[in-house]
Amino acid sequence: MTAHKSLAVQRGILGALLLIGLWEGVARGFALPAYVLPAMSDVLLGVWSKRAMLAEAAAYTLTEALLGYGLGALVGIGLAVALTLVPRARGVVVTAVTAVNSVPVVAYSPLILLWCGIGLASKVVMVALAVSFTLFLSTLAGLDRVDRRSIDLMRSFGAGRLALLWRLRLPTALPLILAGLRVSTVRSIIVAIVTEMLGAYGGLGWVIYQAVLQIDFVQVWSAIVVASAASLLFFGLVGLAERRLLFWKAS
Amino acid sequence: MSAALAASPPAAPRAAGLARRIGLRVAALLAVALAWEGLVILFGIRPFYLPRLSAVLAAILATPGAYAAGFLRTLTETLIGFVTGGAFGVAVAVAFLRCRTLREMVFPLFVVSQTIPVIAFGALVVLWFGNTLMAKAVIAFYLTFFPVTVNALIGLESVDPRQIALMRSFGASPRQILTRLQLPSALPQTFVALRLAASLSLVGAIVGEWFGDTTGLGVLLLQAMYNENVVAIWAALLVSALLGTGFYAAVAFLERRLVFWGAEQ
C-alpha cells in the first residue's frame, strides 16, 4: 500500500516534470512565437526580472483577498449562527440571501466599483461578498446536520440555547465550515483578480489586464504564475489549519 | 390495468407538491420584488445605490432588444462551453480510470488546478482567439472541464469492486460494465460538479466579455459602469440573475430526472 503510494507520488512528480518538459520542448522546438506559447524558462525569467513589481502586485492582491476573506467569513458564519439563535428570521434572511446570490458574484463588480471607487475598498467588499455567501450556506448546512436526539439529550440535562450552540452545533458544523473556508481561499483570490481587471491602482489582476492591452504575453504568463503560487500558498495554509482543528477526523 | 391504478395515486400528490413548490417560489419572488420597491421608497435610498425595481424594469423594457441579444449571446457562450466541457471531462475521467499510469501522472495536476485562479488564463484565451464567441466558450469550457473530471473520476472509482466482479462473472464486456454500472454510479458525484460548473461557466463567459466585445451581458455591465448608469447596471444584473438561476435550475432539474434514485446533497 505505502509502496504503491510512494510510486503514485513519484508518478505525480514525473507528470509535473513531463508537463514542464513538454511545454519547454514544444515552445523551443517549434520556435513558437511568444503570443502562442512562451517557453517556461522565459516565463520564469520574466517573473525574476520583474520580481519587485510582481511581488508588490501580489502583496496588494493578497491584502485585498485576506481582508475580504476575514470580513466575509465573519459575516457569513455570524449570520448563519445568528439565524440558529433567532429561527423565526430564517425564512426572510434565506430568501433575501438566495435572491442576492442568484446573480453570479463577479457581475456585482461594476456596481461595487462605482460605489466604492477603484481603490482597495471595492475589492475587499467584492471578496467579502463572495466569501460570505459560501460560508453562510456551508455554515447553515453544517448547523442543520445536528442529530435531533442529541439536542433532546442535551436539553434534558438543562442545556440552554448558547450551550447547545457552543458544545453541540458548532463542533458538528465545524467540518463543513472549514471546507467552506478552504474553498473560499481560491474564490477570494479569483474575485480579487477579476475585480482588479475592471479597475484598480495595482495588483495582479491589474498587471494581467495591462499586459493584455499591451499584448505582452510573457507578462500575462508571469502574473498568472505568481497568482497561482499565491493561491496555492493560501490554500495550503488553510488546509493545514483545517487538519489541525479537525484532529478527530482521521485523514 | 392494476399497474396503472397503482401508479396513479403517487403521481397526483407529486404534481400537487410540484405546483405547491412552484407557488412558493413565485410567492418568494414577489415578496422580494415588493420588498425591493417598498424599502427603496420607505428609506428614500438614493438611486445611485439602489434604484426602484420599477425603474430597472422600465430600463429593460425601453431597450428590450439589447438585453435579449446580450442574454442570448452569453447563454450561447455558456452553453457551448458547459456542454463540451462536461462531455470532455467525463471522457477524460474514463480515460484516467482505464489507464492508471496516465491517471497518476496527470490527475494531481488537475487537482492542483482547482486551487489556482484558472480564470486568469481567460486573458490568454482572449489573446489567442481574439474577441470571438469561441474565446468565451473556451473559457467556460475549461472552467467546467476541470471540476467535472475530478468529480467524475471520484464517482467512477467509488463503484463497489464486487459489483464489477459480479457483472464480469456474467460475461459483461468492459464497455457494458462502463455504461451499465460505472457511469450511472458516478452520476450523483458528477452532477455535484456540474451544478458548480453551471455557475462557473457563466462567470467565465461574463468575465471573458470584459476583455472587449460588442454584445453580451458582461458588455452591458461594463458599458453601464463606464456611463456610471446605476439603473443600467441593475438591469444587467437582473438579466444575469435570470440567466444564472434558469441555467442552474435546468441542471438541477436534469439531475433530479437522471439521478432519480436520490443524489447526495
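Parameters at a glance
Position numbers for residues start from 1 in each chain and track the written sequence from start to end. The naming scheme follows written order: chains are lettered A onward, ligands numbered 1 onward. Residues qualify for local features only when their pLDDT is at least 70, as the model is predicted, and side-chain atom pairs are given and counted only at 80 or more; totals for whole chains, interfaces and linings, by contrast, use all residues. UniProt positions are given in the numbering used here, feature names are shortened, and annotations may be inferred rather than shown by experiment. Working definition: helices are DSSP H or I runs of at least four residues, strands are E runs of at least two. Numbering for both runs from the N terminus. Any residue pair is listed as a contact if its two C-beta atoms, each placed from the backbone, are within 7 Å. Amino acids outside the nonpolar list (Ala, Val, Leu, Ile, Met, Phe, Trp, Tyr, Cys, Pro) and the charged list (Asp, Glu, Lys, Arg) are all regarded as polar, and Gly is one of them. The split of the chain into domains comes from an automatic or database domain assignment. As a per-residue quantity, pLDDT reports the predictor's confidence and falls between 0 and 100.

Labelled according to an unreviewed UniProt entry, chain B appears under the name ABC transporter permease, originating from Methylobacterium terricola. The Sequence similarities (unreviewed entry) field of the UniProt record for chain B holds the comment "Belongs to the binding-protein-dependent transport system permease family." UniProt's Subcellular location (unreviewed entry) comment on chain B is quoted here verbatim: "Cell membrane".

(A) Up close: the UniProt feature "transmembrane region" (unreviewed entry) in chain B. Residue and element names in this part refer to chain B. As annotated in UniProt, the feature "transmembrane region" (unreviewed entry) corresponds to residues 22–43, 55–72, 78–97, 109–131, 137–159, 192–211 and 231–254 in the numbering used here. Between the end C-alpha atoms of residues 78–97 the distance is 28 Å, and the span holds 100% helix and 0% strand. Secondary structure across residues 231–254 divides into 100% helix and 0% strand, with the first and last C-alpha atoms of the span separated by 35 Å.

(B) Structural view of the interface of chain B and chain A. Between chain B and chain A, the residue contacts involve 39 residues of the former and 40 residues of the latter. Mapped by element, the contributors of at least two residues to the side of chain B that touches chain A are helix 1 (2–43), helix 4 (100–113), helix 5 (122–129), helix 8 (174–209), helix 9 (217–226) and helix 10 (230–258) of chain B. It is helix 10 of chain B that provides the largest number of residues to the side of chain B that touches chain A, a total of 7 residues. Along the lines of polarity and charge, the residues of the side of chain B that touches chain A split into 31 nonpolar, 6 polar and 2 charged.

(C) Examining the domain arrangement of chain A more closely. All names here are of chain A. Split by domain assignment, chain A resolves into domain 1 (1–32) and domain 2 (36–245). The C-alpha-based centres of domain 1 and domain 2 are spaced at 31 Å. At the interface, 7 residues of domain 1 touch 6 residues of domain 2. Grouping the amino acids of the side of domain 1 that touches domain 2 by side-chain chemistry returns 5 nonpolar, no polar and 2 charged.

(D) Molecular detail of the confidence of the model for chain A. Model confidence for chain A is summarised by a mean pLDDT of 87, while 97% of its residues fall at 70 or above. Of all secondary-structure elements in chain A, the lowest mean pLDDT belongs to helix 1 (residues 2–29) of chain A, at 80, while helix 3 (residues 51–85) of chain A reaches the highest, 93.

(E) Geometry of the domain arrangement of chain B. One can read the domain layout of chain B as domain 1 (1–45) and domain 2 (64–258). Between the C-alpha centres of domain 1 of chain B and domain 2 of chain B there is a distance of 29 Å.

(F) Geometry of unusual backbone geometry. Phi is positive for Ile215 of chain A, which is not a glycine, with a value near 50 degrees. Within the element layout of this structure, Ile215 of chain A appears in the loop between helix 9 (204–213) and helix 10 (217–245). With a phi angle near 50 degrees, Glu228 of chain B is a residue other than glycine that sits in the positive phi range. When you line up the elements, Glu228 of chain B lands in the loop between helix 9 and helix 10.

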